[in-house]
Amino acid sequence: MSNPLDVKQWADRYVAQWNEPDPQRRSALIGELWAADGIQVLVDPPQQIRDAAIELAFPLPPLEARGHDALNARVTRAYEMFVASGEHVFEAAEEAFLLLPNVLGIRWSMVSTSTGETVGGGLDILALDGDGRLRTDHQFIGGM
């Protein structure tokens, strides 16, 4: 899947993992898409975490999920918080784009299923390894 001609298909599968209701299928998607030691970094932690770090005189902590188990927990929690109720779905906001060989950009939206209105979104910068699996994902919430 590292072939640039498959960028749209790759991006569609990436977005699909966040919407997948079946826990076993979601876990299988993560296993297919991500390298065993793949990592997602939330680049812009929620304000509550930033405030707590500042209060304790710590630099902003990186929020990372590394490896299939942690990534499965991360994707599952996002599904539970935003999609499981049926209120929202994640969608590609525009066509994915190739930044460099094996580096994709995906702009995504969280969309209200009742109104079709975009209620959130972001930008993920994905770096694939030599086997076409996701090695790093730097997620920017609100990075539209």
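See the structure printed just above.
Residues numbered from 1 in each chain as written. Predicted model: local features only at pLDDT ≥ 70, side-chain atom pairs only at ≥ 80, totals over all residues. Heavy atoms only, no water.

## Some details on the environment of Thr113
The line we're drawing: Helix and strand assignments follow DSSP, with helices taken as H or I runs no shorter than four residues and strands as E runs no shorter than two, numbered in order from the N terminus. The rule is simple: take the accessible area with a 1.4 Å probe, protein chains only, and divide by the maximum for that residue type; under 20% is buried, over 50% is exposed, in between is partly exposed. Here, two residues are considered to be in contact whenever any of their heavy atoms come within 4.5 Å of each other. Pairing of N or O atoms within 3.5 Å defines a polar contact, subject to two protein rules: one partner must be a possible hydrogen donor and the other a possible acceptor, and residues neighboring in sequence count only if both atoms are side-chain atoms.
Within the fold, Thr113 resides in the loop between strand S5 (103-112) and strand S6 (118-128). A relative accessible area of 47% means that Thr113 is categorised as partly exposed. For Thr113 and Val83, which are 30 residues apart along the polypeptide, the C-alpha to C-alpha distance reads 9.5 Å. If we ignore the near neighbours within four places in the chain, the residues touching Thr113 are Gly86, Glu87, His88 and Val89. Polar side-chain contacts of Thr113 include one of 2.4 Å to the backbone oxygen of Gly86.

## Side note on the environment of Leu126
On the secondary structure map, Leu126 appears in strand S6. The class for Leu126 is buried, based on a relative accessible area of 0%. Setting aside chain neighbours within four positions, we find Leu126 in contact with Trp10, Tyr14, Asn102, Val103, Leu104, Ile106, Leu134, Thr136 and Asp137.

## What to know about the side chain of Gln17
Structurally, Gln17 can be placed in helix H1 (residues 7-19). Residues within four places of Gln17 in sequence aside, it is in contact with Arg26, Leu29, Ile30, Leu33, Trp34 and Val75.

## Structural notes on helix H2 (residues 23-33)
Along H2, the residues classified as buried are Arg26, Leu29, Ile30, Gly31 and Leu33. Where H2 is buried, its residues contact H1, strand S1 (34-42), helix H4 (67-83) and strand S7 (134-141). Taking the backbone nitrogen of Gln24 as reference, a side-chain oxygen 3.2 Å away marks Asp22 as the first, capping residue of H2.

## A closer look at the pattern of salt bridges
Convention followed: Each salt bridge in this description consists of a side-chain nitrogen of Lys or Arg and a carboxyl oxygen of Asp or Glu lying within 4 Å of one another.
Under the counting rule described, the total for this entry stands at six salt bridges. Between Lys8 and Asp12 there is a salt bridge, and its shortest N-O distance comes to 3.0 Å. Of the two residues, Lys8 and Asp12 are both situated in helix H1; the distance of four residues between them amounts to about one turn of the helix. Judged by relative accessible area, Lys8 falls into the partly exposed class, the value being 48%. Judged by its relative accessible area of 37%, Asp12 falls in the partly exposed class. Sharing partners across several salt bridges, the network here consists of Arg13, Arg25 and Glu32.

What is shown is where atoms sit, not what they do.
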